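Structural description and commentary
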Amino acid sequence: MTAQPHADHSGPAIERTFIAVRAALPAPNVSAFDAELAAITHADVVDLAALDDFLTGWWHIAIRAAGDPDDWRRMHTEAEQIRSGRRSAGPSLAEVLARRGARR
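This brings us to a nonpolar patch on the surface. Together, Leu 93, Val 96 and Leu 97 line one region of the surface with nonpolar side chains, adding up to about 280 Å² of accessible area. In this fold, Leu 97 is placed in helix α5 (residues 93–103).

This part covers the pattern of salt bridges. With the rule as written, the count across this model stands at 7 salt bridges. Salt-bridge contacts for Asp 34 lead to Arg 22; the nearest nitrogen and oxygen are separated by 2.7 Å. Linking Asp 34 in helix α2 (residues 27–41) with Arg 22 in helix α1 (residues 18–24), this pair joins segments that are 12 residues apart in sequence. With a relative accessible area of 36%, Arg 22 lands in the partly exposed category. Note that Glu 80 and Arg 83 form a salt bridge whose closest N and O atoms lie 3.3 Å from each other. Within this pair, Glu 80 and its partner Arg 83 are both found in helix α4 (residues 69–84), separated by 3 residues, close to a single helical turn. Look at Arg 83 and you get exposed, because its relative accessible area is 62%. Connected via shared salt-bridge partners are Arg 64, Asp 71 and Arg 74.

Relative to the helices and strands, Asn 29 resides in helix α2. Separated by 3.3 Å, the side chains of Asn 29 and Trp 72 make a polar contact. When neighbours within four sequence positions are excluded, Asn 29 is seen to be in contact with Trp 58, Trp 72 and His 76.

With that out of the way, let us pick up the confidence of the model for the protein. Reading predicted coordinates in detail is not appropriate for stretches of low pLDDT. Taken as a whole, the protein shows an average pLDDT of 87; of its residues, 87% reach a score of 70 or greater. Across the protein, α1 holds the top mean pLDDT of 97, while α5 sits lowest at 84. In the model, residues 1–6 has pLDDT below 50 throughout and makes 0 contacts with residues more than four positions away in sequence or in other chains.

Reading the values: rules and limits
Residues numbered from 1 in each chain as written. Predicted model: local features only at pLDDT ≥ 70, side-chain atom pairs only at ≥ 80, totals over all residues. Heavy atoms only, no water. Patch = residues over 30% accessible without salt bridge, like charges linked within 9 Å, V, L, I, M, F, W, Y side chains within 5 Å. Areas by Shrake-Rupley, 256 points an atom, 1.4 Å probe, with all protein chains shown as cover. Salt bridge = Lys/Arg side-chain N within 4 Å of Asp/Glu carboxyl O. Helix = DSSP H or I, 4+ residues; strand = E, 2+ residues; numbered from the N terminus. Buried < 20%, exposed > 50% of the residue type's maximum accessible area, 1.4 Å probe, protein only. Polar contact = N/O pair within 3.5 Å; in protein donor to acceptor, adjacent residues only side chain to side chain. Contact = heavy atoms within 4.5 Å. pLDDT = per-residue confidence, 0-100.

Here's what the structure looks like:
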């Protein structure tokens, strides 16, 4: 058995650097990126593991958003509609799994 890649990264090539990731983010996400980075880097001692996790997480977001910008906007629009109560959140995961189990 050989190791296989985790995911297909055939989407847009975005360097895994702070500058490249921030530049690739949709405008509405940049302030959250900046705020989270500031919180990590303004600590008395910078946690390098947290900084690496931060960059990795935002890099995945940048790739996902750049891969299908329309879908990214649609997802955020739907999330806002659910938060504001203009749209039902739909069934819970437990309900969906229960239904699937009942069909088997």
